[in-house]
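Analysis of the macromolecular model
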Amino acid sequence: MKFQNILSETDNGITTITINRPSKLNALNRETIQELHDAFEIAENSPKTKVIILTGSGEKAFVAGADISEFADFSIEEGSKLAAKGQELLFDFVANLSKPVIAAVNGFALGGGLELAMAAHFRIASDNAKMGLPEVSLGVIPGYGGTQRLPQLVGKGRAMEMIMTAGMIDANQALQYGLVNHVTTPEELLDFAEKLAGKIMRNSSVAIASAIRAINANFEDGENGFQVEIEKFGNCFGTEDFKEGTQAFLQKRKAEFPGD
Ligand code: COA
């Protein structure tokens, strides 16, 4: 599929999706959100993709937010629709993918940009990254899941402060907050993400998909995460990957997971 606003490349099991509007600091306009949805859907369904890395093009930004020029004159109804559609099409979609998504935050991750990074399964950042949810400085609040995912990741008090002050934190503060898992130099960021992807790919993709589902269940309304864990744990016993993983351990060899 040909994209206008993003790049998507698959190599050795890793699909790297790059938001590619550097002149607008990779701001998320309507087309970019749709293209990201399409690229993630293709990766989710492709047997060639085991792990997805999401990053931004250029040296300055991961994503500097939702495209402000698109919603500046919206009505109440249009504003609600914007948030609902975006959450469904991209942010919840990414969070619920069965394949691991690593956000490699390479610069500004603001507003919708930080919300997109937070929808990924985990985040790493380069030491020049700056993160924040500045929406209240525009007279609006985060609408792509930010008021929910930020407190889940950093705790309620820190999220309240970040959202109320509309301030930015740097990569080291984000590391200290647990918002990102690792900080690298800008040059090392993608290599480091690929190294992590390599470690993930040695394991059972079926088990990983179940783990993502069980972990996410903890954050879903009306779901009992412990119950989901029990079901998913039990289901693993019926997979070829489980047979291979346990046999390989007992035979003191490296597992070659069939992925089903
Ligand atoms: N929506 C639309 N366009 C955006 C954008 C956004 N969220 N963020 C940046 N851009 C555009 C700028 O309008 C500018 O376009 P132009 O050259 O056509 O005027 C271009 O990207 C470069 O941005 P600029 O502001 O000139 O870069 P800077 O280095 O001076 O500042 C930021 C960088 C990130 C501090 C600043 O761009 C900013 O505050 N962006 C908005 C962040 C935000 O509030 N996001 C939440 C949205 S809900």
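Residues numbered from 1 in each chain as written. Predicted model: local features only at pLDDT ≥ 70, side-chain atom pairs only at ≥ 80, totals over all residues. Heavy atoms only, no water.

For the rest of this paragraph, the subject is the pairing of strand 7 (residues 122-126). Judged by how many residues are buried, strand 7 sits mostly within the fold: five of five residues are covered. Where burial is concerned, the two faces of strand 7 agree: the one with Phe122, Ile124 and Ser126 and the one with Arg123 and Ala125 are both buried. Note that strand 5 (residues 101-105) and strand 7 share four bridges and pair parallel. Within strand 7, the position partnered with Ala103 by the bridge is Arg123. The pairing of strand 7 with strand 10 (residues 182-184) spans three bridges and is parallel. Bridged to Ile124 within strand 10 is His182. (Buried < 20%, exposed > 50% of the residue type's maximum accessible area, 1.4 Å probe, protein only. Helix = DSSP H or I, 4+ residues; strand = E, 2+ residues; numbered from the N terminus. Pairing = 2+ DSSP bridges.)

Here the focus is helix 8 (residues 189-201). An α-helical turn contains 3.6 residues, so a residue and the one three or four places further along point in the same direction. The end-to-end C-alpha separation of helix 8 is 18 Å, in line with the 18 Å expected for 13 residues at 1.5 Å each. Inspection of helix 8 places Leu189, Ala193, Leu196, Ala197 and Ile200 among the buried residues, and these make up the whole buried set. Along helix 8, the residues classed as buried sweep out an arc of 100° about the axis, all on the same side. In helix 8, the exposed positions that point more than 90 degrees away from the buried face belong to Lys195 and Lys199. (Expected span 1.5 Å × (residues − 1). Arc of directions from axis to C-beta.)

Taken together, six strands build an open sheet; the order of strands is 1-2-3-5-7-10 and the sheet is mixed. The sheet terminates laterally at strand 1 (6-11) and strand 10, the two strands that pair on one side only. Across the sheet, the mean angle separating the axes of adjacent strands is 20° when strand polarity is ignored. (Axes fitted to C-alpha atoms, helices over the stretch in contact; angles between N-to-C directions.)

Our next topic: the packing of helix 5 (residues 146-154) against helix 6 (residues 156-165). Orientation of helix 5 relative to helix 6, taken along the N-to-C sense of each, is 135°, at an axis distance of 7 Å. The pairing of helix 5 with helix 6 is recorded here as oblique in orientation. Between helix 5 and helix 6 lies a crossing of right-handed hand. Between helix 5, through Gly146, Thr147, Leu150, Pro151 and Val154, and helix 6, the contact on the second element is made entirely by Lys156, Arg158, Ala159, Met162 and Ile163. For the contact of helix 5 with helix 6, the class distribution of residues is six nonpolar, two polar and two charged. (Parallel < 35°, antiparallel > 145°, perpendicular 65-115°, else oblique. Left-handed = near helix turned anticlockwise from the far one by under 90°. Contact = heavy atoms within 4.5 Å. Nonpolar A, V, L, I, M, F, W, Y, C, P; charged D, E, K, R; others polar.)

Take the pattern of salt bridges next. Evaluated as defined, the whole model comprises five salt bridges. Residue Glu240 pairs with Lys243 through a salt bridge whose shortest N-O separation is 3.2 Å. A residue pair is termed a helical-turn pair when its members lie 3 or 4 positions apart in one helix, as Glu240 and Lys243 do in helix 11 (residues 240-250) at three residues. Looking at Lys243, the relative accessible area reads 44%, which means it is partly exposed. A salt bridge links Glu244 to Arg253; the nearest nitrogen and oxygen atoms lie 2.8 Å apart. (Salt bridge = Lys/Arg side-chain N within 4 Å of Asp/Glu carboxyl O.)

With six of six residues buried, strand 2 (residues 14-19) lies mostly within the body of the structure. On strand 2, burial covers both faces: Ile14, Thr16 and Thr18 on one face and Thr15, Ile17 and Ile19 on the other are all buried. Pairing geometry for strand 1 and strand 2, over six bridges, is antiparallel. Following the sheet pairing, Glu9 is matched in strand 2 by Thr16. Where strand 1 hands over to strand 2, the hairpin turn is made up of two residues, of which Asn12 adopts a positive phi near 50°. With six bridges joining them, strand 2 and strand 3 (residues 51-56) adopt parallel strand pairing. The residue bridging Ile17 from the neighbouring strand is Leu54, located in strand 3. Taking the sense of rotation as the criterion, the β-α-β connection linking strand 2, helix 1 (residues 30-45) and strand 3 turns out right-handed. (Right-handed = clockwise from strand over helix to strand, strands pointing away.)

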